Structures are given as structure tokens and as C-alpha cells.
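Structure at a glance
Letter by letter, the chains look like this.
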Amino acid sequence: YLEKYGKQQAIFNYIVSNPPYIEDTDMHLESLKYEPISALTSKNNGLADIIEIIDKAKNHLKKDGTLMLEHGFNQKTSVQQLLKQRSYKNVKSFNDLAGIPRITIAEF
């Protein structure tokens, strides 16, 4: 990618991510015995990796490209605010099959 397109050229219509988003202190971590903690947890209330992706995706999305993020059940409002603060538009969240808000998408 970098060799062909360079560091700053925006080439993607979509970026989809399922980053680590669980807080280090979340009680559910005890039951997740087979996943490495680094694949699950993130600093800053579980938002550190999401913030980094939101900030860096802008450099790689084409005009009106879409960023899709999976996040924790209690992070919908925070993720929406982060996207809006960073000039993303058409911010929308969607529930999973259990009716829990787990995906937020936005255009840049």
C-alpha cells in the first residue's frame, strides 16, 4: 500500500475496524480466558484505540469515505461525539442482534 500509493494519499472507500475497546477493569474479562488481553483492552475507558483509528482514518479515506467501528455496549455516545468532534458526518449507530448498540459508522 505505502509503496504504491504513498503515505498521505486517501484511497479507501471504507475502513472497518473491530479494535480493542474493553476497559482494563471490566469484570467480563475474567470469563475471556482464550483471548490475549492486548486484543481486548484499551486505555482511556476503552477508547484509546478507537480515538487513534478515528484520527488516522481521515488520512486514508476518499472523500465521503466511510469509517465503521465496533465498540462496547456503553460507548455509543462517546464514539459518536468523538467522530463529530473530528469533523466526520452522517454519524449513525446500529444495534447488534441482541439489540445492543455495537457499531457506529460515519463519513469523512
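Structure report, in brief. (Residues numbered from 1 in each chain as written. Predicted model: local features only at pLDDT ≥ 70, side-chain atom pairs only at ≥ 80, totals over all residues. Heavy atoms only, no water.)

1. Quick notes on helix 3 (residues 48–57)
- The complete set of buried residues in helix 3 reads Ile50, Ile51, Ile54 and Ala57. Mapping the buried residues of helix 3 onto a view down its axis gives an arc of 145 degrees, with all of them on the same face.
- In this structure, the buried residues of helix 3 make contact with strand 1 (12–17), helix 2 (43–46), strand 2 (61–70) and helix 4 (76–85). (Buried < 20%, exposed > 50% of the residue type's maximum accessible area, 1.4 Å probe, protein only. Helix = DSSP H or I, 4+ residues; strand = E, 2+ residues; numbered from the N terminus. Arc of directions from axis to C-beta. Contact = heavy atoms within 4.5 Å.)

2. Description of the sheet that holds strand 2
- The strand order across the open sheet formed by four strands is 1-2-4-3, and the pairing between neighbours is mixed. Single-partner strands in this sheet number two, and they are strand 1 and strand 3 (89–95). Each strand of the sheet is rotated relative to its neighbour by a mean of 15 degrees, with strand direction disregarded.
- Inspection of the sheet shows strand 1 paired to strand 2 by five bridges, in the parallel sense. Bridged to valine 16 within strand 2 is methionine 68.
- Across the sheet, helix 3 is in contact with strand 1 and strand 2; its angle to strand 2 comes to roughly 170 degrees. (Pairing = 2+ DSSP bridges. Axes fitted to C-alpha atoms, helices over the stretch in contact; angles between N-to-C directions.)

3. Here's the deal with the nonpolar core
- Ile50, Ile54, Leu67, Leu83 and Tyr88 are the most contacted members of the largest nonpolar core, which has 19 residues in total.
- For this core, the secondary structure elements donating two or more residues are helix 3, strand 2 and helix 4.
- The element that contributes the greatest number of residues to this core is helix 3, accounting for four residues.
- In this view, isoleucine 50 contacts Pro19, Tyr21, Leu69, Glu70, His71, Gln75 and Val79; residues no more than four positions away in its chain are not counted. (Core = buried A, V, L, I, M, F, W, Y, C linked by side-chain atoms within 4.5 Å.)

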